[in-house]
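If you want the building blocks of each chain, they are given just below.
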Amino acid sequence: MGKRLKDNLSSGYFNAANRLNSKNARRKIVVYVESYDDVFFWRSVLSQYETDRRYFEVMLPSREDRLERGKKSVLMKLLSGKTGRDMIACVDADYDYLIQGHTAVSEEILTNPYTFHTYVYAIENFQCYAPSLHDVCVAVTLNDHAVFDMEEYLRQYSQAIFPLFVWNIWYYRSPRYKDFTITDFNRIVETGNFSIRHAAQIIQNVRRKAGRKVSQLQQLNPQAKESYQQVKEDLRRLGVTADNTYLYIQGHHLFDKVVLPMLDKVCDVLVQERQREISMQSVHSTQRQNELSSYHHSLGEIVPMLKKNVGYLRSEQIREIKKDIEKFLEDETNEPVNPD
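Throughout this document, residue positions are counted from 1 along each chain, in the order its sequence is written. With pLDDT at 70 or above as the cut-off, local features in this predicted model cover only qualifying residues; side-chain atom pairs require 80 or more to be listed or tallied, and sums for whole chains, interfaces and linings still use all residues. Calculation of side-chain values draws on the structure's entire complement of heavy atoms; hydrogens and water are dropped beforehand.

Caption draft 1: Representation of unusual backbone geometry within the structure. Non-glycine residue Asp 94 carries a positive phi angle of around 50°. Helix and strand definitions here come from DSSP, where helices need a minimum of 4 consecutive H or I residues and strands a minimum of 2 consecutive E residues; each element is numbered from the N-terminal end. Of note, Asp 94 is situated in the loop between strand S3 (87–91) and helix H5 (104–111). Residue Leu 142 is not a glycine yet carries a positive backbone phi of 60°. With respect to the element layout, Leu 142 can be found in the loop between helix H7 (133–141) and helix H8 (150–172). Residue exposure (1.4 Å probe, protein chains only): buried if accessible area is under 20% of the type maximum, exposed if over 50%, otherwise partly exposed. With relative accessibility at 43%, the residue Leu 142 sits in the partly exposed group.

Caption draft 2: Up close: a nonpolar patch on the surface. Taken together, the side chains of Phe 40, Val 310 and Leu 313 define a hydrophobic patch exposed on the protein surface, amounting to about 200 Å² of accessible area. By secondary structure assignment, the location of Leu 313 is in the loop between helix H14 (302–307) and helix H15 (316–333). For Leu 313, a relative accessible area of 31% translates into the label partly exposed. Patches were defined on residues exceeding 30% relative accessible area and lacking a salt bridge, with like-charge contacts within 9 Å and nonpolar side-chain contacts (Val, Leu, Ile, Met, Phe, Trp, Tyr) within 5 Å. Here, Shrake-Rupley sampling with a 1.4 Å probe gives the accessible areas, and only protein chains in the shown set may cover a residue. The term salt bridge refers to a pairing of a side-chain nitrogen on Lys or Arg with a carboxyl oxygen on Asp or Glu at a separation within 4 Å.

Caption draft 3: Local environment of the packing of H8 against helix H10 (residues 199–220). The N-to-C vectors of H8 and H10 enclose an angle of 15°; their axes lie 9 Å apart at closest approach. The orientation of H8 relative to H10 falls into the category roughly parallel. The element H8 and its partner H10 pack so that their crossing is left-handed. Packed against H8, whose contacting residues are Tyr 153, Gln 156, Tyr 157, Ala 160, Ile 161, Pro 163, Leu 164, Trp 167 and Tyr 171, the element H10 presents Ala 199, Ile 202, Ile 203, Val 206, Arg 207, Ala 210, Lys 213, Val 214, Leu 217 and Gln 218 at the interface. Across the contact of H8 with H10, the residue classes tally to 15 nonpolar, 2 polar and 2 charged. Lines fitted to C-alpha atoms define the axes, with helix axes restricted to the stretch in contact, and inter-axis angles between N-to-C directions lie between 0 and 180 degrees. If an angle is under 35 degrees, it is roughly parallel; if it is over 145, roughly antiparallel; if it lies from 65 to 115, roughly perpendicular; otherwise it is oblique. In this scheme, a crossing is called left-handed if the near helix is turned counterclockwise away from the far one by less than a right angle; it is called right-handed if the turn is clockwise. Whether two residues touch is decided by their heavy atoms; if any such pair falls within 4.5 Å, the residues are in contact. When residues are sorted by character, Ala, Val, Leu, Ile, Met, Phe, Trp, Tyr, Cys and Pro go into the nonpolar class, Asp, Glu, Lys and Arg into the charged class, and all the rest, Gly among them, into the polar class.

Caption draft 4: Highlighting the environment of Ala 224. Relative to the elements of secondary structure, Ala 224 occurs in the loop between H10 and helix H11 (225–237). On a C-alpha basis, the gap between Ala 224 and Trp 170 in space is 9.3 Å, while along the polypeptide they are 54 residues apart. Not counting the four nearest positions on each side in its chain, Ala 224 is found in contact with Trp 167 and Trp 170.

Caption draft 5: Structural detail: H5. Those residues of H5 lying buried are Val 105, Ser 106 and Ile 109. Buried residues along H5 cover an arc of 100° about the axis, so they all sit on one side. In this description, the arc belongs to the directions extending from the helix axis to the C-beta atoms.

Caption draft 6: Molecular detail of the pairing of strand S1 (residues 27–32). Along S1, 5 of the 6 residues are buried, which leaves the element largely enclosed by surrounding structure. With 6 bridges joining them, S1 and strand S2 (residues 54–59) adopt parallel strand pairing. Bridge pairing in S2 links Ile 29 to Phe 56. Taken together, S1, helix H3 (residues 36–46) and S2 constitute a β-α-β crossover, and its handedness is right-handed. One ladder, built from 3 bridges, connects S1 with S3; its direction is parallel. The residue of S3 that forms the bridge with Val 30 is Met 87. Strands qualify as paired when DSSP identifies two bridges or more between them. By convention, orient the strands away from the viewer: a clockwise path from the first strand over the helix to the second makes the crossover right-handed.

Caption draft 7: Summary view of the pairing of S3. Counting buried residues along S3, 4 of its 5 residues qualify, which places the element largely inside the surrounding structure. Across 3 bridges, the pairing between S3 and strand S4 (residues 115–117) is parallel. When the sheet's bridge partners are listed, Ala 89 is paired in S4 with Thr 115. Crossover S3 to S4 through H5 is right-handed.

Caption draft 8: Quick peek at the packing of helix H12 (residues 251–281) against helix H13 (residues 285–298). Remark: H12 packs on H13, axes separated minimally by 9 Å, with the N-to-C direction vectors making an angle of 155°. Relative to H13, H12 is oriented roughly antiparallel. Relative to H13, the crossing made by H12 is right-handed. Contacts between H12 and H13 pair Leu 270, Val 271, Arg 274, Gln 275, Ile 278, Ser 279 and Gln 281 from the former with Gln 287, Arg 288, Glu 291, Leu 292 and Tyr 295 from the latter.

Caption draft 9: How the structure looks around the pattern of salt bridges. Evaluated as defined, the whole model comprises 15 salt bridges. For Asp 86, the salt bridge goes to Arg 27, with nearest N and O atoms at 3.1 Å. Note that Asp 86 is positioned in the loop between helix H4 (71–78) and S3 and Arg 27 in strand S1, a separation of 59 residues in sequence. Owing to a relative accessible area of 33%, Asp 86 belongs among the partly exposed residues under this scheme.

Caption draft 10: Highlighting the side chain of Ser 132. You can see Ser 132 is positioned in the loop between helix H6 (123–127) and H7. Apart from the residues lying within four places of it in its own chain, the contact partners of Ser 132 are Gln 127, Asn 309, Gly 311 and Arg 314.

Written out as structure tokens, the structure is:
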């Protein structure tokens, strides 16, 4: 009986050890990304495709590889002749997806089977995915009351800037992109100080500024009516619509200048609402102070919550990324791939 118990324990030990070391037996696919924030984003997408036969390790290029951080470094130095079935690169699309091969970097992103991009401008755009923003506010404030329609606000903002955005891509598809840069575009579509009460006026002001610039560009390019329409139709084919343009503008601008100020005001309202509720329901001052203190210590920070927001996983653009990943894995294994 003792020997059998000993054998069972020994067998259990080795089985456990094998499970712990199983990662070493699986195929490792190294994934190079541009920045530290990209690690979490691409991990959230790629982890769905890990099996008992493969896993991904997401990392930044190392100094030993003499690589600088950033997409061009990854593409021009790392990808050249080095990527393959066990090494891929995942980058922000920026405008490179939308300009459709009009630059060397854009062509590389579109044609290299071992390069994966975000489709939207950057991971910040995914973090600001409109249908997920209410959940972010709930995570920050622990208050589930919908006090402002953020999804509708970003839809109207997108509609206001869409005609000007088409012009921006029109310029970036030509040698004259310096005549109307992303910085120029961002300056025009800034919303300024956000106010829930004055949200409609903010959108109207952006629409007015964008409209003035569109009129100016039409006058500067009287011959561009047909080519502008072609770019507009092509953008729609690529997934850009008047309702979702916010996903394709510069990610840092969207995050810092549009969404963060909005969330800050919305969360302020939700916190104040919860504090009033606690004060009204408390039967005495000690209970009120204890409840308010407990609530205060439970509050989250907006920026970290946004950066860890994974609501984008249900977006159409993520589905496009997953199609690319599945094709890559199917080509390598000749087997259909189903994410876990």
